[in-house]
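# Chain and residue survey
Take a look at the letters that make up each chain.
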Amino acid sequence: IKQYSEDIPIQRIKAIKNEHEVNGMKEGYLQDAAAKIQFLHWIQNEVKSGRTVTELSGDIKLREFREKQPDFVMPSFGSISAFGPNGAVIHYKSTEETDVAITDKDLYLLDSGGQYKCGATTDTTRTMHFGTPADRHKEAYTRVLMGSIDLSLCIFINGTGGKHIDALPRQHLWNNGWNYNHGTGHGIGAMLNVHEGSFNTRTTVPLVANVFMSDEPGYYEDNDYGVRLETVVMVVEAETKYNFGDATFFTFEEVSFVPFDPKLIKYELMSERQIEWLNDYNIKIREKVGPRIKDVNPEAYEWMLGQTEQVVSDSDSQRVVYSGVILAVQMFCVIMMV
Ligand SMILES: *[C@@H]1O[C@H](CO)[C@@H](O)[C@H](O)[C@H]1NC(C)=O
Ligand SMILES: [Mn+2]
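Reading the values: rules and limits
Residues numbered from 1 in each chain as written. Chains lettered and ligands numbered in written order. Predicted model: local features only at pLDDT ≥ 70, side-chain atom pairs only at ≥ 80, totals over all residues. Heavy atoms only, no water. Patch = residues over 30% accessible without salt bridge, like charges linked within 9 Å, V, L, I, M, F, W, Y side chains within 5 Å. Areas by Shrake-Rupley, 256 points an atom, 1.4 Å probe, with all protein chains shown as cover. Salt bridge = Lys/Arg side-chain N within 4 Å of Asp/Glu carboxyl O. Helix = DSSP H or I, 4+ residues; strand = E, 2+ residues; numbered from the N terminus. Buried < 20%, exposed > 50% of the residue type's maximum accessible area, 1.4 Å probe, protein only. Axes fitted to C-alpha atoms, helices over the stretch in contact; angles between N-to-C directions. Parallel < 35°, antiparallel > 145°, perpendicular 65-115°, else oblique. Left-handed = near helix turned anticlockwise from the far one by under 90°. Contact = heavy atoms within 4.5 Å. Nonpolar A, V, L, I, M, F, W, Y, C, P; charged D, E, K, R; others polar. Donors = N, O, S within 2.8 Å, 3.2 Å for Na, K, Ca; no water.

### Re a nonpolar patch on the surface
A cluster of nonpolar side chains, contributed by Val73, Met74 and Met191, occupies part of the molecular surface with about 230 Å² of accessible area. Within the secondary structure layout, Met74 lies in strand 1 (residues 72-75). Met74 gets classed as partly exposed once you look at its relative accessible area, which sits at 44%.

### Some thoughts on the packing of helix 2 (residues 19-48) against helix 3 (residues 55-67)
Contact pair helix 2 / helix 3: the axes reach a minimum separation of 8 Å and the direction vectors enclose 140°. The orientation of helix 2 relative to helix 3 falls into the category oblique. Between helix 2 and helix 3 lies a crossing of right-handed hand. Here Asp32, Ala35, Lys36, Gln38, Phe39 and Trp42 of helix 2 come into contact with helix 3, specifically with Gly58, Lys61, Leu62, Phe65 and Arg66. Looking at the contact of helix 2 with helix 3, its residues break down into 5 nonpolar, 2 polar and 4 charged.

### Focus on the coordination of the manganese ion (ligand 2)
Only Asp123 (OD), His186 (NE2), Glu216 (OE) and Glu230 (OE) from the protein reach the manganese ion (ligand 2) as donors, at distances of 2.0 to 2.5 Å. Each donor residue of the manganese ion (ligand 2) lies on the same chain, and together they follow the pattern D-x62-H-x29-E-x13-E. Note that His186 is positioned in the loop between helix 5 (167-174) and strand 8 (212-215) and Glu230 in the loop between strand 10 (225-228) and strand 11 (231-237), a separation of 44 residues in sequence. Here the two residues His186 and Glu230 agree in accessibility, since each one is buried.

### With respect to the packing of helix 4 (residues 135-153) against helix 5
Orientation of helix 4 relative to helix 5, taken along the N-to-C sense of each, is 155°, at an axis distance of 7 Å. In terms of axis orientation, helix 4 runs roughly antiparallel to helix 5. The element helix 4 and its partner helix 5 pack so that their crossing is right-handed. Contacts from Arg143, Val144, Met146, Gly147, Asp150 and Leu151 of helix 4 reach helix 5 at Leu168, Pro169, Gln171, His172 and Leu173. Residues that form the contact of helix 4 with helix 5 fall into these classes: 6 nonpolar, 3 polar and 2 charged.

Following this line, the structure appears as structure tokens:
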């Protein structure tokens, strides 16, 4: 009789990162974000200025940006660099036969990662539009983003497995009669396997602190487009007001820091809590990745600032007042400096 267990002890020990592995993972994801931001800025410029970039040639350029990072060793898997209808092929691998030019007419999905000798395996996906996206693109993108945020925000009691919380990233798609035919989250190694066992959103193995998992919902329309947003997150203990039965509660901390595409977001669909998450995330990108690109690539830095602006939700008048005060203070400082 063959028996198969999801929770293999050695795999489990491997998946729960120690302090050094946690630090190495975080460092590797920052290096990878620095490379990816520069790449996304570069490819947008190429497309806008009418130069030809294809799925394959773009991926070569991405590698160049990664190679400039101090700890980069090699790609962690063959990039999924997919434009338009190719983005709907979940495990797409561009070849000479399928390679197409990337234009400003459709969505571009990029799922890729690297191995970093500080001890990280990275895997991050972003979907972009370099022109004016259609409403269907925006709606899909926003619902995927909302699900990704809800998973990242969720607080769960010790004993909860990935499968127990897998409805969260799917709910905004289900509400629309949509879904995606792949897992939401897989474990990931520390300069090892890009897919690692024991902890994922298919099993009920209880999630514990220092487990790294992808948060990657998607939505795909065959022969049309694909949206996937993948942010790697780490399980951490949550601070809660109470502790029912002395239980520990957990939540997630983001590890990938690559901007979302504001042009594809319908903020009116999002809750205030989701917008607050997005604003916090954007501040973290600026603080953590900003210094790594500011001097080496000021144009990419400026572009990143534009992608990570704070969003004010209409219904939250306090926020409007707050940002008004900040603006007034900034104006005052500018006037004083002049
Ligand atoms: C989680 O629950 C398990 C099983 O009851 C227990 O052994 C473990 O110590 C708990 N972990 C934390 C961090 O509370
Ligand atoms: Mn992945």
